[in-house]
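Results of the structural survey
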Amino acid sequence: MASYKENRTAQIRLVSSHDEVYEPCDDSFALVDALLADRSNLLEHCPTMCMEIGCGSGYVITSLALILGRERGGVNYIATDINPNAVKVTRETLDAHGVDAELILTDIASGLENRLAGLVDVMVVNPPYVPTPEDEVGAEGIISSWAGGENGRRVIDRVLPVADHLLSEKGWLYMVTLTANNPSEICLQMKKKGYASKIIIQRSTEEESLHIIKFWRDSDTTVDEEALKQLHYPSFKVSTRQASLIARRCWGYLIGWVHQYV
């Protein structure tokens, strides 16, 4: 059996689970692949504070810690989730991989605004982005991990100003978006706040087209315009049943990924 010490990302077999916690799936893998693709830049970036909003199973924050390397001292990790089961599962996943993070049960970053203001060098977010009826947003249990309301933007639009407040002057934000979220509008919105943006990973699956976008403060505020031209698609809504299928669709797809990461 291969040791986790030989891997740069969390191993699926060591990721804990719970019926009410979102499991690693296409979007999780795409986000971690984006971090891997940007690894050399991340290492040169020398972050001292890394944060995940909505840690779920802990797959992403654990992978980020492994990507940066446990031998690099002075890096603090913090992760939040509104789901108490997710906080518990993330702790188990971190422990299974020999890495650590401070875990906080809260909505996005509520209560951390003063403590972390301007201190976060790397933030990763896989938000609830699935377009759903508005009354599903913030529901208890696993539904909260995907229900994004109108155009899937309800939670995303709450996260963006929080990210702007918490990110340091050299802070980077990596965010998962769906085509229906209108990523071009998100990038232009962040441009007005002084952020440049770049699509690190673009990946299509049977059910969705995902974009992992990196944002960073830049007085020149450039936007990846050519890539964004391809992101204008009409919005759509899915039912809770369809969203559930999206959340749990991964088992067949995981086979290839397990071979890659284990």
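As the structure is a computational prediction, the values presented were derived from the model and not from experiment.

Cut-offs used in this document
Residues numbered from 1 in each chain as written. Predicted model: local features only at pLDDT ≥ 70, side-chain atom pairs only at ≥ 80, totals over all residues. Heavy atoms only, no water. Helix = DSSP H or I, 4+ residues; strand = E, 2+ residues; numbered from the N terminus. Buried < 20%, exposed > 50% of the residue type's maximum accessible area, 1.4 Å probe, protein only. Contact = heavy atoms within 4.5 Å. Areas by Shrake-Rupley, 256 points an atom, 1.4 Å probe, with all protein chains shown as cover. Pairing = 2+ DSSP bridges. Right-handed = clockwise from strand over helix to strand, strands pointing away. Salt bridge = Lys/Arg side-chain N within 4 Å of Asp/Glu carboxyl O.

**Concerning the overall build of the protein chain**
Along the backbone of the protein chain there are nine helices and seven strands. By residue count, 56% of the 262 residues in the protein chain fall in the buried class. Partitioning the intrachain contacts of the protein chain with sequence separation of at least 6 by distance along the chain shows that 76% fall at a separation of at least 24. About 11300 Å² of surface is accessible on the protein chain, with carbon and sulfur atoms providing 50% of the total.

**Section: the pairing of strand β5 (residues 167-178)**
For β5, a buried count of 10 out of 12 residues is recorded, marking the element as mostly surrounded by other parts of the structure. Summarising the sheet, strand β4 (residues 120-125) and β5 pair through five bridges and their orientation is parallel. By the bridge assignment for β5, Val125 is matched with Met175. In this fold, β4 hands off to helix α5 (residues 156-166), which returns the chain to β5; that crossover is right-handed. The sheet contact formed by β5 and strand β7 (residues 209-217) spans seven bridges and is antiparallel. Bridged to Val176 within β7 is Ile212.

**Some thoughts on the pattern of salt bridges**
Overall, the coordinates contain 11 salt bridges when judged by the stated rule. The residue Arg91 makes a salt bridge to Asp95 at a minimum N-O spacing of 3.8 Å. Linking Arg91 with Asp95, this pair stays in helix α4 (residues 84-97), spanning four residues, or about one helical turn. Taking the relative accessible area as the measure of exposure, Arg91 reaches 26% and is therefore partly exposed.

That is the geometry; function is a separate question.
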